[in-house]
Amino acid sequence: METTHGFDSALFRETLGHFPTGVVVITAIDGDGEPVGMVVGSFTSVSLEPPLVAYLPTRASGSYARLRTSRHFCVNILAADQQDLCARFASRTEDKFAGVGWRPSGQGAPILPGTVGWIECEVAEELDGGDHMIVVGRVLDLEVQRPTLPLLFFQGGYGRFALPSPVASSDPELIEGAQMAEIVRGPLEDLARDLGADCSVMIRVGDEAVFVTATSRGDSEPGSLAVGHRIPLIPPVGTVFCAQAPDSEVERWLDRAKASDEDRASFRDNLAAVRRNGYSLSLVPDDPTDRVALMSDYSGVDVMPIHERRIRQMIAESASLYEPVLDPDQTYDLHSVIVPLATGEAQTRLAIRLSRLPRGAGVVRIEGWIVALKAVAEAGAARLRVRAETAAADRR
Ligand SMILES: Cc1cc2nc3c(=O)[nH]c(=O)nc-3n(C[C@H](O)[C@H](O)[C@H](O)COP(=O)(O)O)c2cc1C
């Protein structure tokens, strides 16, 4: 379809439709004292100093004709589960606000419920934008009221944001790892019972570890890790998976910490200790329940960049808890003991982990745990090597 200037407007729409936008509802109280609102995708931040935002209504919009009768408006950022509300405010329905429990902003503009956030503005300028207007608003007040996934509009349809997680449910690495983990289940359950601790298998998938085959010591105290939890392998986390890795892999692991030279050196020391000892230790953090909550968020369906940032921060802040040098005259509250499974592969893929261990343990007791865990790891690894050899022989 050509415009009066010989321009292909269908191509314009089609191409611009490949650029994703968020979706907001612009609301105000019109000159008759009635609430008015319209959906726009053309919302953007403009300036931080002074704080300005803008949206672009079509000149033909009946809603905009009413919106501009007010000096104030509110931008309501729709959440991914608010498609119904979006459809209503994009329609020409008479009373778009019927049954919507809105509340007024400081200047009276409607704040819609259930949205990610809202931004109250005073109209600063209305500029020419072809068949649209460019309405610039000065920000008066704002709030994130529900830090959840926003609604997105893309290629003429709605969608939601997803982090590019390497752990898809059908990930072959994960499935194979889980099958391998089954081999150590029995001995791990025995160990959990004997030590009064939790045991789990960690599978490396890409740059993350996934917890599988958790066996519980049998109570329901909060703070334990559920099957399916994921954790990014960012230093000091992941030493057991890097201990046998080539230098290039170790450098990649260190790079992920985005750490200072000093911290990088101490992570190298951690790795050297794990290589020497054949296990990794960590001490109980101040806030184990918070950590599990963070990991649940990070492992959830709606993973957002904020979850990744928080878990990174948690790992960075807990660096001092890893690879403590044990003093025979002290007792320790150990958080975890992790031992790799040496299956004969070039890369360590599996590790077993003890957690929720009895508190206040002396060095002799801790060494006993390590010996017991290593015995399970060695027996499991031996069985996995036999399995791999049998499978290879079958293929020949
Ligand atoms: C995802 C989406 C984004 C939209 N973005 C805009 C926009 O940026 N500017 C605009 O004028 N209308 C936009 N619309 C259309 C209006 O929401 C809608 O057609 C209008 O409010 C109803 O017409 P009326 O204002 O004449 O009553 C959008 C609609 C949808 C569904």
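Residue numbering note: each chain is counted from 1, following its sequence as written. A pLDDT threshold of at least 70 governs which residues receive local features in this predicted model, and a stricter bar of 80 or more applies before side-chain atom pairs are shown or counted, although totals over entire chains, interfaces and linings include all residues.

Side note on the site of the ligand
Phase 1: We call a residue near a molecule or strand if the C-beta atom, set from the backbone, is within 6 Å of it. Near the ligand there are 16 residues, and of these M38, G41, S42, S61 and S63 occur at the shortest range.
Phase 2: If you list the elements that add at least two residues to the shell around the ligand, you get strand 3 (35–40) and helix 2 (62–67).
Phase 3: When residues are grouped by polarity, Ala, Val, Leu, Ile, Met, Phe, Trp, Tyr, Cys and Pro land in nonpolar, Asp, Glu, Lys and Arg in charged, and all others, Gly among them, in polar. Partitioning the shell around the ligand into residue classes produces nine nonpolar, six polar and one charged. Numbering of helices and strands runs from the N terminus, with a helix taken as a DSSP run of H or I at least four residues long and a strand as a DSSP run of E at least two residues long.

Some details on the sheet that holds strand 11 (residues 152–154)
Phase 1: Here, strands pair whenever DSSP counts at least two bridges between them. Pairing in this open sheet of three strands is antiparallel, and the strands run 1-11-12 from one edge to the other. Taken across any chain shown, the strands that pair with only one partner, and hence form the sheet edges, are strand 1 (21–22) and strand 12 (157–159).
Phase 2: Here two bridges tie strand 1 to strand 11, and the two strands are oriented antiparallel to one another. Bridging from a neighbouring strand, G22 pairs with L152 of strand 11.

Here's the deal with the sheet that holds strand 5 (residues 52–55)
Phase 1: Spatially, seven strands are ordered 3-2-6-9-10-5-4 in an open sheet, and the strand pairing comes out antiparallel. If you trace the sheet from one side to the other, it starts and ends with strand 3 and strand 4 (43–47), each paired once. Across this sheet, the average inter-strand angle for adjacent strands is 35°, counted without regard to direction.
Phase 2: Bridge count for strand 9 (residues 117–129) against strand 10 (residues 132–144) is twelve bridges, and the pairing is antiparallel. Along strand 10, the bridge assignment pairs E122 with R138.
Phase 3: Packing against the sheet, helix 3 (residues 83–90) makes contact with strand 2 (24–29) and strand 3, and its axis sits at approximately 110° to strand 3. Structural elements are reduced to axes, namely lines fitted to C-alpha atoms, with helices fitted over the stretch in contact, and the angle between N-to-C directions of any two is expressed from 0 to 180 degrees. Here the contact rule is simple: place C-beta atoms from the backbone, and any two residues whose C-beta atoms are within 7 Å are in contact.

Describing unusual backbone geometry
Phase 1: Residue E49 is joined to P50 through a cis peptide bond whose omega torsion reads 5°.
Phase 2: Examined against the element boundaries, P50 turns out to sit in the loop between strand 4 and strand 5.
Phase 3: In the segment running from P235 into P236, the intervening peptide bond is cis, with an omega of 5°.
Phase 4: Tracing the sequence through the fold places P236 in the loop between strand 15 (230–232) and helix 6 (239–242).
Phase 5: For Q155, which is not a glycine, the phi torsion comes out positive at approximately 50°.

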